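# Chain and residue survey
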Amino acid sequence: MEAKLLYDDKHQWYVFARDPDKPEKIIDTNQYMVVSGKESLVLDPGGIEIFSSMLSTILKFIPIEQITHLFASHQDPDIISSLGMWDQVIPKAKLYTPGLWEGFIRHFGCENIEFCGIEDGGGELKIGDTVLQFIPAHYLHSSANFHVYDPVAKILFSGDIGAALEPQDSSLFIENFDTHCDKMKFFHQRWMPSNEAKMNWLKRVRKLDIDIMLPQHGRIFRGKEIDQFFDWFEALNVGIALDN
Amino acid sequence: MAKEYSPVKSAITSSQVAGELYRASSIARQLSLAAKNSQAVVHRAGSKVAGLKVISEYFADLALKTIKLAEEINSISLDISHMAVERWRQNTLVGHLRESQDKTHSDKVDIIIHDTKQRQLEINNRFNVVIRSLESQLEEIQQYMQASRVVAVSFRLEATQTDEYQGILEDMANNIDIFSEKIKQHVLDAKSHIDRLLQS
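The model shown is predicted, which means the values in this text are computed figures rather than measured ones.

Scoring rules and cut-offs
Residues numbered from 1 in each chain as written. Chains lettered and ligands numbered in written order. Predicted model: local features only at pLDDT ≥ 70, side-chain atom pairs only at ≥ 80, totals over all residues. Helix = DSSP H or I, 4+ residues; strand = E, 2+ residues; numbered from the N terminus. Buried ≥ 20, exposed ≤ 12 C-beta atoms within 10 Å, placed from the backbone. Contact = placed C-beta atoms within 7 Å. Pairing = 2+ DSSP bridges. Nonpolar A, V, L, I, M, F, W, Y, C, P; charged D, E, K, R; others polar. pLDDT = per-residue confidence, 0-100. Axes fitted to C-alpha atoms, helices over the stretch in contact; angles between N-to-C directions. Expected span 1.5 Å × (residues − 1). Core = buried A, V, L, I, M, F, W, Y, C linked by C-beta atoms within 7 Å. Parallel < 35°, antiparallel > 145°, perpendicular 65-115°, else oblique. Left-handed = near helix turned anticlockwise from the far one by under 90°.

### Description of the overall build of chain A
Helix and strand counts for chain A stand at seven helices and 13 strands. Each principal axis of the C-alpha distribution contributes one length, and for chain A these read about 45 × 35 × 35 Å. Here chain A, with 244 residues, has 48% of them falling under the buried criterion. When contacts within chain A are restricted to residue pairs at least 6 apart in sequence, those whose partners lie at least 24 apart make up 62%.

### Focus: the sheet that holds strand β10 (residues 146-150) of chain A
Residues and elements named next belong to chain A. Reading across from one edge, β8-β9-β10-β11-β12-β13 is the order of the six strands in this open sheet, with mixed pairing throughout. Looking along the sheet, the strands with just one partner apiece sit at the ends: β8 (123-127) and β13 (221-222). In this sheet, strand β11 (residues 155-159) lies alongside β10 in antiparallel orientation, the contact comprising three bridges. Considered in β11, the bridge of Val-148 is made with Phe-157.

### Description of the interface of chain B and chain A
Contact with chain B, which involves 14 residues of that partner, is made by eleven residues of chain A. Elements with a minimum of two residues in the side of chain B that touches chain A: α1 (7-45) and α2 (52-104) of chain B. Ranked by residues supplied to the side of chain B that touches chain A, first place goes to α1(B) with nine residues. In terms of residue class, the side of chain B that touches chain A is made up of seven nonpolar, six polar and one charged.

### Comments concerning the confidence of the model for chain B
All names here are of chain B. Residues of chain B with pLDDT of at least 70 account for 100%, and the chain-wide mean is 85. Mean pLDDT per element in chain B: α2 is the minimum at 85, and helix α4 (residues 166-198) is the maximum at 88. Both scores are given for the predicted complex: the pTM is 0.87, the ipTM 0.82.

### As for the sheet that holds strand β3 (residues 31-36) of chain A
Residue and element names in this part refer to chain A. Strand order in the open sheet formed by seven strands is β1-β2-β3-β4-β5-β6-β7, with mixed pairing between adjacent strands. The open sheet has two edge strands, β1 (2-8) and β7 (114-118), and neither has a second partner. For this sheet the average axis-to-axis angle between neighbouring strands, irrespective of direction, equals 20°. Strand direction decides the pairing type here: strand β6 (residues 94-98) and β7, joined by five bridges, are parallel. Pairing of Thr-97 across the sheet is with Gly-117, part of β7.

### What about α2(B)?
Here α2(B) is 53 residues long and its end C-alpha atoms lie 76 Å apart, about the 78 Å a rise of 1.5 Å per residue gives. At the C-terminal side of α2(B), B:His105 shows a positive phi close to 50°.

### Here's the deal with the nonpolar core
Looking at soluble globular proteins, one finds that nonpolar side chains tend to be buried together. A:Met33, A:Leu214 and B:Phe155 are the most contacted members of the largest nonpolar core, which totals 115 residues. Excluding its chain neighbours within four sequence positions, the residues that come into contact with A:Leu214 are A:Val15, A:Asn30, A:Tyr32, A:Ile155, A:Leu156, A:Phe157, A:Ser158 and A:Ile220.

### A few points about the pairing of β3(A)
Residues and elements named next belong to chain A. Among the six residues that make up β3, six are buried, leaving the element largely enclosed by the rest of the structure. The sheet contact formed by strand β2 (residues 12-17) and β3 spans five bridges and is antiparallel. When the sheet's bridge partners are listed, Gln-12 is paired in β3 with Val-35. Pairing geometry for β3 and strand β4 (residues 39-43), over five bridges, is antiparallel. Residue pairing across strands places Ser-36 opposite Glu-39, the latter belonging to β4. In sequence, β3 turns back onto β4 through a hairpin of two residues, with Gly-37 there showing a positive phi of about 60°.

### As for the packing of α1(B) against α2(B)
Residues and elements named next belong to chain B. Running from N to C, α1 and α2 point in directions that differ by 165°, and their axes come no closer than 7 Å. It follows that α1 is roughly antiparallel to α2 by the angle criterion. Between α1 and α2 the crossing geometry is left-handed.

Below, the structure written as C-alpha coordinates:
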(Lines give C-alpha, C1' and ligand atoms only; values in the text may rest on other atoms or scores of the structure.)
Protein backbone atom coordinates (compact mmCIF):
# COMPACT_ATOMS: atom_id res chain seq x y z
CA MET A 1 0.00 0.00 0.00
CA GLU A 2 1.32 3.40 -0.95
CA ALA A 3 1.96 5.75 1.97
CA LYS A 4 2.69 9.46 1.76
CA LEU A 5 3.26 12.20 4.29
CA LEU A 6 0.94 15.07 3.30
CA TYR A 7 1.57 17.56 6.09
CA ASP A 8 4.46 17.68 8.52
CA ASP A 9 4.69 20.34 11.20
CA LYS A 10 3.83 19.97 14.87
CA HIS A 11 1.46 17.21 13.80
CA GLN A 12 1.34 15.05 10.69
CA TRP A 13 -1.19 13.90 8.08
CA TYR A 14 -0.58 10.71 6.10
CA VAL A 15 -2.44 9.12 3.19
CA PHE A 16 -2.51 5.34 2.63
CA ALA A 17 -3.89 4.24 -0.72
CA ARG A 18 -3.56 2.25 -3.95
CA ASP A 19 -3.21 -1.13 -2.24
CA PRO A 20 -1.89 -3.55 -4.89
CA ASP A 21 -2.92 -6.56 -2.76
CA LYS A 22 -6.60 -5.75 -2.53
CA PRO A 23 -9.02 -8.01 -4.44
CA GLU A 24 -9.69 -6.64 -7.93
CA LYS A 25 -13.44 -6.02 -7.65
CA ILE A 26 -13.20 -4.00 -4.46
CA ILE A 27 -13.37 -0.24 -4.85
CA ASP A 28 -10.06 1.49 -4.16
CA THR A 29 -10.12 3.64 -1.03
CA ASN A 30 -7.94 6.35 0.48
CA GLN A 31 -7.24 6.10 4.18
CA TYR A 32 -5.76 8.95 6.20
CA MET A 33 -4.07 9.32 9.57
CA VAL A 34 -3.42 12.31 11.81
CA VAL A 35 -0.57 11.90 14.30
CA SER A 36 -0.14 14.39 17.13
CA GLY A 37 2.08 13.69 20.14
CA LYS A 38 1.39 10.20 21.43
CA GLU A 39 -2.05 9.95 19.84
CA SER A 40 -3.39 9.38 16.38
CA LEU A 41 -6.66 9.29 14.47
CA VAL A 42 -7.19 6.94 11.54
CA LEU A 43 -9.86 8.33 9.22
CA ASP A 44 -12.14 5.87 7.41
CA PRO A 45 -9.85 2.89 8.19
CA GLY A 46 -11.35 0.85 5.37
CA GLY A 47 -12.90 -2.50 4.66
CA ILE A 48 -12.03 -5.90 6.09
CA GLU A 49 -10.19 -6.89 2.89
CA ILE A 50 -7.52 -4.22 3.33
CA PHE A 51 -7.14 -4.56 7.10
CA SER A 52 -3.78 -6.38 7.06
CA SER A 53 -2.27 -3.93 4.56
CA MET A 54 -3.53 -1.00 6.61
CA LEU A 55 -2.14 -2.33 9.90
CA SER A 56 1.25 -3.07 8.31
CA THR A 57 1.41 0.34 6.67
CA ILE A 58 0.45 2.27 9.80
CA LEU A 59 3.07 0.42 11.86
CA LYS A 60 5.76 1.72 9.51
CA PHE A 61 5.16 5.14 11.05
CA ILE A 62 3.85 4.68 14.59
CA PRO A 63 3.77 1.88 17.18
CA ILE A 64 0.47 0.08 17.73
CA GLU A 65 -0.09 1.74 21.13
CA GLN A 66 -0.24 5.08 19.34
CA ILE A 67 -3.33 4.14 17.29
CA THR A 68 -5.72 5.66 19.80
CA HIS A 69 -8.69 6.90 17.76
CA LEU A 70 -10.68 5.84 14.70
CA PHE A 71 -13.11 7.94 12.70
CA ALA A 72 -15.77 6.62 10.34
CA SER A 73 -17.50 9.26 8.23
CA HIS A 74 -20.51 6.95 7.84
CA GLN A 75 -21.54 3.29 7.97
CA ASP A 76 -20.49 1.90 4.58
CA PRO A 77 -18.44 -1.33 4.43
CA ASP A 78 -15.56 0.25 2.51
CA ILE A 79 -15.29 2.75 5.38
CA ILE A 80 -15.45 0.61 8.49
CA SER A 81 -16.15 -3.11 7.91
CA SER A 82 -12.67 -3.76 9.37
CA LEU A 83 -13.93 -2.56 12.78
CA GLY A 84 -14.20 -6.10 14.22
CA MET A 85 -10.47 -6.56 13.61
CA TRP A 86 -9.38 -3.16 14.93
CA ASP A 87 -11.52 -4.02 17.95
CA GLN A 88 -9.16 -6.91 18.72
CA VAL A 89 -5.81 -5.24 17.98
CA ILE A 90 -6.47 -1.82 19.56
CA PRO A 91 -9.10 -2.64 22.22
CA LYS A 92 -8.53 0.59 24.16
CA ALA A 93 -9.15 2.87 21.17
CA LYS A 94 -12.18 5.11 20.64
CA LEU A 95 -14.34 5.21 17.51
CA TYR A 96 -15.88 8.55 16.49
CA THR A 97 -18.72 8.18 14.03
CA PRO A 98 -22.28 9.47 13.53
CA GLY A 99 -24.29 8.47 16.61
CA LEU A 100 -27.25 7.71 14.38
CA TRP A 101 -25.40 4.72 12.93
CA GLU A 102 -24.43 3.08 16.23
CA GLY A 103 -26.80 0.11 16.03
CA PHE A 104 -25.74 -0.54 12.44
CA ILE A 105 -21.96 -0.09 12.78
CA ARG A 106 -21.88 -2.40 15.79
CA HIS A 107 -22.78 -5.21 13.38
CA PHE A 108 -19.14 -5.08 12.24
CA GLY A 109 -18.02 -6.01 15.78
CA CYS A 110 -17.32 -3.48 18.54
CA GLU A 111 -16.90 -5.25 21.87
CA ASN A 112 -13.82 -3.45 23.17
CA ILE A 113 -13.43 -0.16 21.33
CA GLU A 114 -15.38 2.69 22.90
CA PHE A 115 -18.14 3.88 20.58
CA CYS A 116 -18.35 7.70 20.61
CA GLY A 117 -21.36 8.86 18.63
CA ILE A 118 -21.13 12.31 17.06
CA GLU A 119 -24.34 14.32 17.34
CA ASP A 120 -25.92 15.72 14.18
CA GLY A 121 -24.55 19.22 14.79
CA GLY A 122 -20.91 18.03 14.71
CA GLY A 123 -18.27 18.73 17.34
CA GLU A 124 -14.56 18.70 18.10
CA LEU A 125 -11.95 16.10 18.97
CA LYS A 126 -8.51 16.69 20.46
CA ILE A 127 -5.78 14.34 19.22
CA GLY A 128 -2.56 15.06 21.13
CA ASP A 129 -2.30 18.85 20.85
CA THR A 130 -4.39 19.06 17.68
CA VAL A 131 -8.06 20.04 17.69
CA LEU A 132 -10.08 18.64 14.80
CA GLN A 133 -13.61 19.63 13.85
CA PHE A 134 -16.42 17.30 12.71
CA ILE A 135 -18.23 19.04 9.87
CA PRO A 136 -21.79 17.84 9.14
CA ALA A 137 -22.22 16.44 5.63
CA HIS A 138 -25.58 14.72 6.12
CA TYR A 139 -27.19 13.05 3.10
CA LEU A 140 -23.87 13.27 1.21
CA HIS A 141 -24.36 10.47 0.59
CA SER A 142 -25.24 8.83 3.91
CA SER A 143 -28.12 10.18 6.00
CA ALA A 144 -25.73 10.77 8.93
CA ASN A 145 -22.32 11.77 7.61
CA PHE A 146 -19.36 13.84 8.82
CA HIS A 147 -16.18 15.29 7.39
CA VAL A 148 -13.10 16.33 9.39
CA TYR A 149 -11.48 19.76 9.27
CA ASP A 150 -8.06 20.65 10.63
CA PRO A 151 -7.86 24.48 10.93
CA VAL A 152 -4.10 24.48 11.60
CA ALA A 153 -3.04 22.28 8.67
CA LYS A 154 -5.95 23.72 6.61
CA ILE A 155 -6.95 20.23 5.56
CA LEU A 156 -10.50 19.03 4.94
CA PHE A 157 -11.18 15.28 4.85
CA SER A 158 -14.24 15.22 2.61
CA GLY A 159 -15.30 11.55 2.64
CA ASP A 160 -17.18 10.64 -0.53
CA ILE A 161 -17.35 14.25 -1.69
CA GLY A 162 -14.71 14.81 -4.36
CA ALA A 163 -14.46 11.06 -4.98
CA ALA A 164 -13.62 9.67 -8.40
CA LEU A 165 -13.68 6.19 -9.88
CA GLU A 166 -10.27 5.53 -11.33
CA PRO A 167 -7.83 2.72 -12.14
CA GLN A 168 -5.74 1.26 -9.31
CA ASP A 169 -2.50 2.83 -10.49
CA SER A 170 -3.72 6.43 -10.89
CA SER A 171 -1.85 9.33 -9.34
CA LEU A 172 -2.68 10.42 -5.79
CA PHE A 173 -3.02 14.05 -6.87
CA ILE A 174 -5.11 15.83 -9.49
CA GLU A 175 -3.00 16.78 -12.50
CA ASN A 176 -5.69 18.34 -14.71
CA PHE A 177 -8.90 19.49 -13.04
CA ASP A 178 -10.95 19.65 -16.26
CA THR A 179 -10.26 16.06 -17.30
CA HIS A 180 -10.69 14.91 -13.70
CA CYS A 181 -14.29 16.19 -13.67
CA ASP A 182 -15.29 13.39 -16.06
CA LYS A 183 -14.10 10.84 -13.51
CA MET A 184 -16.10 12.46 -10.70
CA LYS A 185 -19.34 13.22 -12.54
CA PHE A 186 -21.22 9.90 -12.38
CA PHE A 187 -20.09 9.21 -8.83
CA HIS A 188 -21.54 12.48 -7.55
CA GLN A 189 -24.68 12.43 -9.68
CA ARG A 190 -25.63 8.87 -8.73
CA TRP A 191 -24.36 8.50 -5.15
CA MET A 192 -25.29 11.95 -3.88
CA PRO A 193 -29.05 12.09 -3.41
CA SER A 194 -29.89 15.72 -2.64
CA ASN A 195 -29.19 19.10 -4.21
CA GLU A 196 -30.44 20.73 -1.00
CA ALA A 197 -27.87 18.78 1.07
CA LYS A 198 -25.19 19.68 -1.47
CA MET A 199 -25.90 23.43 -1.11
CA ASN A 200 -26.01 23.15 2.69
CA TRP A 201 -22.54 21.51 2.67
CA LEU A 202 -21.11 24.05 0.22
CA LYS A 203 -22.31 26.89 2.45
CA ARG A 204 -20.42 25.35 5.39
CA VAL A 205 -17.17 24.48 3.69
CA ARG A 206 -16.81 27.68 1.67
CA LYS A 207 -16.32 29.46 5.01
CA LEU A 208 -13.30 27.26 5.82
CA ASP A 209 -9.71 28.06 4.93
CA ILE A 210 -8.62 24.94 3.01
CA ASP A 211 -5.28 24.16 1.35
CA ILE A 212 -5.81 20.43 0.82
CA MET A 213 -9.03 18.44 0.37
CA LEU A 214 -8.90 14.69 0.89
CA PRO A 215 -11.60 12.46 -0.59
CA GLN A 216 -12.01 8.79 0.36
CA HIS A 217 -11.73 7.66 -3.27
CA GLY A 218 -9.78 9.10 -6.17
CA ARG A 219 -7.37 12.02 -6.08
CA ILE A 220 -6.35 14.73 -3.63
CA PHE A 221 -7.26 18.40 -4.31
CA ARG A 222 -4.77 21.20 -3.70
CA GLY A 223 -4.96 24.99 -3.78
CA LYS A 224 -7.25 26.48 -6.42
CA GLU A 225 -8.61 23.03 -7.37
CA ILE A 226 -10.69 23.18 -4.18
CA ASP A 227 -12.69 26.26 -5.21
CA GLN A 228 -12.92 24.85 -8.74
CA PHE A 229 -14.44 21.72 -7.24
CA PHE A 230 -16.95 23.69 -5.14
CA ASP A 231 -18.10 25.60 -8.26
CA TRP A 232 -18.29 22.41 -10.34
CA PHE A 233 -20.24 20.58 -7.61
CA GLU A 234 -22.64 23.49 -7.16
CA ALA A 235 -23.55 23.40 -10.84
CA LEU A 236 -23.95 19.60 -10.92
CA ASN A 237 -27.45 18.13 -10.70
CA VAL A 238 -27.35 15.18 -8.29
CA GLY A 239 -29.82 12.43 -7.41
CA ILE A 240 -30.22 11.47 -11.07
CA ALA A 241 -31.67 7.98 -10.53
CA LEU A 242 -35.06 9.59 -9.90
CA ASP A 243 -34.99 11.06 -13.42
CA ASN A 244 -34.81 7.59 -15.00
CA MET B 1 1.21 -30.92 13.76
CA ALA B 2 2.35 -27.30 13.39
CA LYS B 3 1.79 -25.07 16.39
CA GLU B 4 -1.16 -22.70 16.10
CA TYR B 5 -0.46 -19.13 17.19
CA SER B 6 -3.12 -16.58 18.02
CA PRO B 7 -4.17 -15.05 14.67
CA VAL B 8 -4.63 -11.63 16.32
CA LYS B 9 -1.09 -11.73 17.75
CA SER B 10 0.23 -13.10 14.44
CA ALA B 11 -1.33 -10.23 12.49
CA ILE B 12 0.11 -7.67 14.89
CA THR B 13 3.56 -9.32 14.94
CA SER B 14 3.89 -9.56 11.15
CA SER B 15 2.81 -5.91 10.79
CA GLN B 16 5.34 -4.89 13.43
CA VAL B 17 8.08 -6.82 11.61
CA ALA B 18 7.08 -5.18 8.31
CA GLY B 19 7.29 -1.79 10.04
CA GLU B 20 10.76 -2.48 11.47
CA LEU B 21 12.05 -3.70 8.11
CA TYR B 22 10.56 -0.72 6.30
CA ARG B 23 12.58 1.54 8.61
CA ALA B 24 15.65 -0.68 8.23
CA SER B 25 15.44 -0.52 4.42
CA SER B 26 15.17 3.30 4.56
CA ILE B 27 18.42 3.38 6.56
CA ALA B 28 19.97 0.80 4.22
CA ARG B 29 19.43 3.27 1.38
CA GLN B 30 21.44 5.83 3.37
CA LEU B 31 24.07 3.15 3.91
CA SER B 32 24.15 2.55 0.16
CA LEU B 33 24.70 6.26 -0.42
CA ALA B 34 27.57 6.18 2.08
CA ALA B 35 29.00 3.25 0.13
CA LYS B 36 28.85 5.19 -3.14
CA ASN B 37 30.54 8.17 -1.48
CA SER B 38 33.28 5.91 -0.19
CA GLN B 39 33.89 4.57 -3.68
CA ALA B 40 34.16 8.13 -5.00
CA VAL B 41 36.66 9.10 -2.29
CA VAL B 42 38.75 5.98 -2.86
CA HIS B 43 38.77 6.71 -6.60
CA ARG B 44 39.84 10.33 -5.98
CA ALA B 45 42.52 9.40 -3.48
CA GLY B 46 44.04 6.85 -5.84
CA SER B 47 47.19 5.13 -4.60
CA LYS B 48 47.11 6.98 -1.25
CA VAL B 49 44.29 4.69 -0.04
CA ALA B 50 44.89 1.72 -2.31
CA GLY B 51 44.00 -0.72 0.46
CA LEU B 52 40.48 0.60 0.59
CA LYS B 53 39.53 -0.08 -3.02
CA VAL B 54 38.51 -3.70 -2.45
CA ILE B 55 36.86 -2.88 0.87
CA SER B 56 34.78 -0.05 -0.60
CA GLU B 57 33.60 -2.30 -3.43
CA TYR B 58 32.68 -4.99 -0.93
CA PHE B 59 30.88 -2.37 1.16
CA ALA B 60 28.86 -1.11 -1.82
CA ASP B 61 27.84 -4.68 -2.62
CA LEU B 62 26.92 -5.32 1.01
CA ALA B 63 24.75 -2.19 1.16
CA LEU B 64 22.82 -3.24 -1.96
CA LYS B 65 22.33 -6.76 -0.60
CA THR B 66 21.03 -5.29 2.66
CA ILE B 67 18.45 -3.14 0.86
CA LYS B 68 17.30 -6.11 -1.21
CA LEU B 69 17.02 -8.44 1.75
CA ALA B 70 15.24 -5.85 3.93
CA GLU B 71 12.71 -5.24 1.16
CA GLU B 72 12.22 -8.98 0.69
CA ILE B 73 11.56 -9.45 4.40
CA ASN B 74 9.20 -6.50 4.39
CA SER B 75 7.25 -8.14 1.56
CA ILE B 76 7.22 -11.56 3.27
CA SER B 77 5.97 -9.91 6.46
CA LEU B 78 3.07 -8.45 4.52
CA ASP B 79 2.24 -11.92 3.16
CA ILE B 80 2.32 -13.31 6.69
CA SER B 81 0.05 -10.51 7.81
CA HIS B 82 -2.47 -11.41 5.07
CA MET B 83 -2.24 -15.08 6.09
CA ALA B 84 -2.78 -14.24 9.75
CA VAL B 85 -5.88 -12.19 8.93
CA GLU B 86 -7.20 -14.96 6.68
CA ARG B 87 -6.72 -17.48 9.51
CA TRP B 88 -8.38 -15.07 11.90
CA ARG B 89 -11.42 -14.84 9.64
CA GLN B 90 -11.56 -18.63 9.28
CA ASN B 91 -11.38 -19.00 13.09
CA THR B 92 -14.27 -16.59 13.50
CA LEU B 93 -16.24 -18.47 10.85
CA VAL B 94 -15.65 -21.83 12.56
CA GLY B 95 -16.80 -20.30 15.87
CA HIS B 96 -20.03 -19.05 14.30
CA LEU B 97 -20.59 -22.33 12.44
CA ARG B 98 -20.20 -24.29 15.67
CA GLU B 99 -22.79 -22.10 17.36
CA SER B 100 -25.09 -22.73 14.42
CA GLN B 101 -24.36 -26.45 14.54
CA ASP B 102 -25.30 -26.60 18.22
CA LYS B 103 -28.75 -25.34 17.22
CA THR B 104 -29.32 -27.17 13.92
CA HIS B 105 -27.25 -30.40 14.09
CA SER B 106 -27.09 -30.22 10.30
CA ASP B 107 -24.78 -32.53 8.33
CA LYS B 108 -24.18 -29.75 5.82
CA VAL B 109 -22.85 -27.40 8.50
CA ASP B 110 -20.59 -30.23 9.65
CA ILE B 111 -19.13 -30.48 6.15
CA ILE B 112 -18.56 -26.71 5.98
CA ILE B 113 -16.83 -26.79 9.39
CA HIS B 114 -14.62 -29.64 8.21
CA ASP B 115 -13.66 -27.83 4.97
CA THR B 116 -13.00 -24.57 6.81
CA LYS B 117 -10.80 -26.34 9.36
CA GLN B 118 -8.90 -27.94 6.50
CA ARG B 119 -8.21 -24.50 5.01
CA GLN B 120 -7.22 -23.24 8.47
CA LEU B 121 -4.73 -26.09 8.76
CA GLU B 122 -3.18 -25.36 5.36
CA ILE B 123 -2.79 -21.65 6.17
CA ASN B 124 -1.36 -22.48 9.59
CA ASN B 125 1.24 -24.85 8.10
CA ARG B 126 2.26 -22.24 5.54
CA PHE B 127 2.40 -19.60 8.27
CA ASN B 128 4.75 -21.72 10.38
CA VAL B 129 7.10 -22.37 7.45
CA VAL B 130 7.26 -18.71 6.41
CA ILE B 131 7.77 -17.33 9.91
CA ARG B 132 10.73 -19.69 10.42
CA SER B 133 12.30 -18.59 7.13
CA LEU B 134 11.75 -14.98 8.19
CA GLU B 135 13.80 -15.62 11.30
CA SER B 136 16.74 -16.94 9.28
CA GLN B 137 16.59 -13.96 6.91
CA LEU B 138 16.71 -11.59 9.84
CA GLU B 139 19.80 -13.39 11.07
CA GLU B 140 21.33 -12.93 7.61
CA ILE B 141 20.85 -9.16 7.83
CA GLN B 142 22.44 -9.18 11.25
CA GLN B 143 25.50 -10.87 9.75
CA TYR B 144 25.59 -8.20 7.01
CA MET B 145 25.63 -5.53 9.68
CA GLN B 146 28.47 -7.23 11.53
CA ALA B 147 30.43 -7.26 8.24
CA SER B 148 29.53 -3.61 7.73
CA ARG B 149 31.08 -2.71 11.07
CA VAL B 150 34.27 -4.52 10.05
CA VAL B 151 34.31 -2.24 7.00
CA ALA B 152 34.04 0.76 9.34
CA VAL B 153 37.06 -0.46 11.31
CA SER B 154 39.08 -0.79 8.08
CA PHE B 155 38.17 2.75 7.03
CA ARG B 156 39.25 4.04 10.42
CA LEU B 157 42.59 2.20 10.22
CA GLU B 158 43.26 3.46 6.71
CA ALA B 159 42.37 6.99 7.78
CA THR B 160 45.27 7.05 10.22
CA GLN B 161 47.68 6.45 7.32
CA THR B 162 46.54 9.40 5.19
CA ASP B 163 46.73 13.11 5.85
CA GLU B 164 44.55 14.64 3.18
CA TYR B 165 41.67 12.15 3.44
CA GLN B 166 41.82 11.41 7.14
CA GLY B 167 38.77 13.55 8.10
CA ILE B 168 36.61 12.24 5.26
CA LEU B 169 37.47 8.62 5.93
CA GLU B 170 36.84 8.98 9.64
CA ASP B 171 33.45 10.59 8.96
CA MET B 172 32.62 7.73 6.64
CA ALA B 173 33.61 5.15 9.19
CA ASN B 174 31.39 6.88 11.75
CA ASN B 175 28.43 6.99 9.34
CA ILE B 176 28.82 3.33 8.47
CA ASP B 177 28.87 2.51 12.17
CA ILE B 178 25.80 4.60 12.94
CA PHE B 179 23.73 3.25 10.01
CA SER B 180 24.77 -0.35 10.70
CA GLU B 181 23.89 -0.02 14.36
CA LYS B 182 20.48 1.47 13.55
CA ILE B 183 19.68 -1.30 11.07
CA LYS B 184 20.85 -3.90 13.57
CA GLN B 185 18.55 -2.42 16.21
CA HIS B 186 15.51 -2.59 13.90
CA VAL B 187 16.37 -6.21 13.06
CA LEU B 188 16.72 -7.03 16.76
CA ASP B 189 13.34 -5.40 17.45
CA ALA B 190 11.80 -7.42 14.59
CA LYS B 191 13.32 -10.61 16.01
CA SER B 192 12.03 -9.89 19.50
CA HIS B 193 8.50 -9.37 18.09
CA ILE B 194 8.75 -12.80 16.44
CA ASP B 195 10.24 -14.42 19.57
CA ARG B 196 7.38 -13.11 21.67
CA LEU B 197 4.89 -14.65 19.24
CA LEU B 198 6.70 -17.99 19.04
CA GLN B 199 6.89 -18.19 22.83
CA SER B 200 3.21 -17.33 23.30
